[in-house]
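# Overview (structure and organization)
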Amino acid sequence: MGVRVAALEEALAFLFARTTGVFKLGLERTNELLQALDNPHRSFPVIHVAGTNGKGSSLAIAEALLRGRGMRVGKYTSPHLVDFRERILVDRVPIDADVVVDFVERWTPLVEKIGATFFEATTALAFDAFARAKVDVALIETGLGGRLDSTNVVDPVSAGVTCIGWDHMEYLGHTLDAIAMEKAGIFKPGRPAVIGDANPEIRELLARRARELGAEPVLLTDSIAVDDIEVSAPGGGTDVTLEMFGERERLHTPLTGRHQAFNLQFTLALLHAAGPPYRFTLREAAPLLANVTLPGRFQRVGKYIFDVAHNADGARVLAETLSAVQPPRPVRVLFCALRDKEWKDMLTTLGPHVDEFVLTDAPTAPASRAWNLEEARAFLRHIGAKGDVAWTFAEALRQMEGPGTAVVTGSFHTVGDAMSRLQVSPFAP
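These notes cover the structure that comes with them. (Residues numbered from 1 in each chain as written. Predicted model: local features only at pLDDT ≥ 70, side-chain atom pairs only at ≥ 80, totals over all residues. Heavy atoms only, no water.)

For the rest of this paragraph, the subject is the pattern of salt bridges. One pass over the full model with this rule turns up 26 salt bridges. Notably, a salt bridge pairs Lys75 with Glu63, separated by 3.3 Å at the nearest N-O pair. Here Lys75, found in strand β2 (residues 73–76), pairs with Glu63, found in helix α3 (residues 55–68); they are 12 residues apart in sequence, far enough to count as distant. In this structure Glu63 comes out as buried when scored by relative accessible area, which is 1%. Taking the shortest distance from any N to any O, the salt bridge between Arg211 and Glu204 comes out at 4.0 Å. A residue is classified by how much of its surface remains accessible, and Arg211, at 48% relative accessible area, is partly exposed. (Salt bridge = Lys/Arg side-chain N within 4 Å of Asp/Glu carboxyl O. Helix = DSSP H or I, 4+ residues; strand = E, 2+ residues; numbered from the N terminus. Buried < 20%, exposed > 50% of the residue type's maximum accessible area, 1.4 Å probe, protein only.)

A separate point is the nonpolar core. Core analysis: the largest hydrophobic core is formed by 40 residues, its most contacted members being Leu15, Ile88, Val100, Phe127 and Phe130. Those elements giving two or more residues to this core turn out to be α1 (2–17), α2 (28–36), β3 (88–90), α4 (97–114), α5 (118–133) and β5 (137–141). Take this core: its biggest share by element is 10 residues, from α5. In this structure, Ile88 is in contact with Lys75, Tyr76, Val93, Pro94, Ile95, Thr122, Leu125, Ala126, Ala129 and Phe130, ignoring residues within four places of it in sequence. Counting residues in each nonpolar core, the second largest holds 39 residues, with Ala64, Ile229, Leu255 and Leu288 among its members. (Core = buried A, V, L, I, M, F, W, Y, C linked by side-chain atoms within 4.5 Å. Contact = heavy atoms within 4.5 Å.)

For the pair helix α11 (residues 312–325) and helix α12 (residues 343–350), the least separation of the axes is 9 Å and the interaxial angle reads 10 degrees. With respect to α12, the element α11 is oriented roughly parallel. Note on element contacts: α12 touches α11 through Asp345, Met346, Thr349 and Leu350, opposite Ala312, Ala315, Arg316, Leu318 and Ala319. Here the contact of α11 with α12 is built from residues that sort into 6 nonpolar, 1 polar and 2 charged. (Axes fitted to C-alpha atoms, helices over the stretch in contact; angles between N-to-C directions. Parallel < 35°, antiparallel > 145°, perpendicular 65-115°, else oblique. Nonpolar A, V, L, I, M, F, W, Y, C, P; charged D, E, K, R; others polar.)

Summed over the entire model, instances satisfying the criterion amount to 1 cavity of 30 Å³ or more. Looking at the largest cavity, its volume works out to about 280 Å³. Lining the largest cavity are 21 residues, with Lys75, Thr77, Glu86, Leu294 and Pro295 positioned closest to its centre. Here the residues of the lining of the largest cavity sort into 9 nonpolar, 5 polar and 7 charged. (1 Å grid on protein atoms, 1.4 Å probe; cavity = no way out; pocket = protein on both sides within 12 Å on 5 of 7 lines; lining within 4 Å. Points joined across faces, edges and corners; volume = space filled by probe spheres on them.)

Okay, here's the thing in structure tokens:
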């Protein structure tokens, strides 16, 4: 076992070394890798999703529904919380360590020769693993953007954009319209396009771009009526009444928050667009939703709530959910964001729902993107919020002890590092 673990760590060290240097967008290197692998991504149907938020929740819902129908389901998402292998699941089981090691050992020369990035190599690994596992369908989430994201080599049975928000502006553009156009790049000629954004102007922009790209049909999720959303008691999930194609049904999702009703709406539209093997009536979907799980999204473990809210929209949703659920007070929040995120907006949004902030650095966060804790503390005082800096992560976790509720939020690094130290598994039971 020790040899196997060491081999995996060495393989991952090689992959993570590919994250250094200039960020690269484009499909050329991914296509070259996949061609050498005999184009595994063409051997199974793909459902492809882009968007600023909601991708993980939507694919978790799709995974539960499709597995409930007896399908063998691959799921590729990013980033991970604790274990790299969370990114590549087959029927909710992470790919074996040996699969990662064998891939890296065999394909290192080509990866180095063409200068493939970490995400490009990982995408090729995922597609190869799914082909070898003979999945019936693969659920694929973009890593960054859409048009030039390395996952955009697929020819999906349906493609969807969840919503558009401010994220990765240095790569995707400095207006919501520009970001939307990049994410709409996953739409393909003759393939269904599903659009979930609630903003009418953004929704129309996405629909227009989908039609320009030849996508057909173009389905807007507002064709599914959402009514009477009820966010349950802590840990109780969310109830919603949906009306779709003449059918009306009260549904329950274990995922907590008003936004999860709209993620459910989006997912049902996405699966409907994909065609008869994948679509569900509301009545068929209802019992299968009990099996939806997603670590790190308002995940309750004892007094802890783990929630990846890594941008301003995510913080707004977390604030709304805390307000709806009303967890036991005091509410302490361990918070760390990356420097290039809108952390001031995030703290301002969360402030009214929090009794005390503990600001810190996540150990696995890249030093090049670390935020300035002194500046963060000064901003906390500026907005009149209670809290202070913990200079070590261990001290931050210690300050979460005591009565009430401990919320861990911010970047994936923050939530993942806390889960690791508190021995909370990211894998579904």
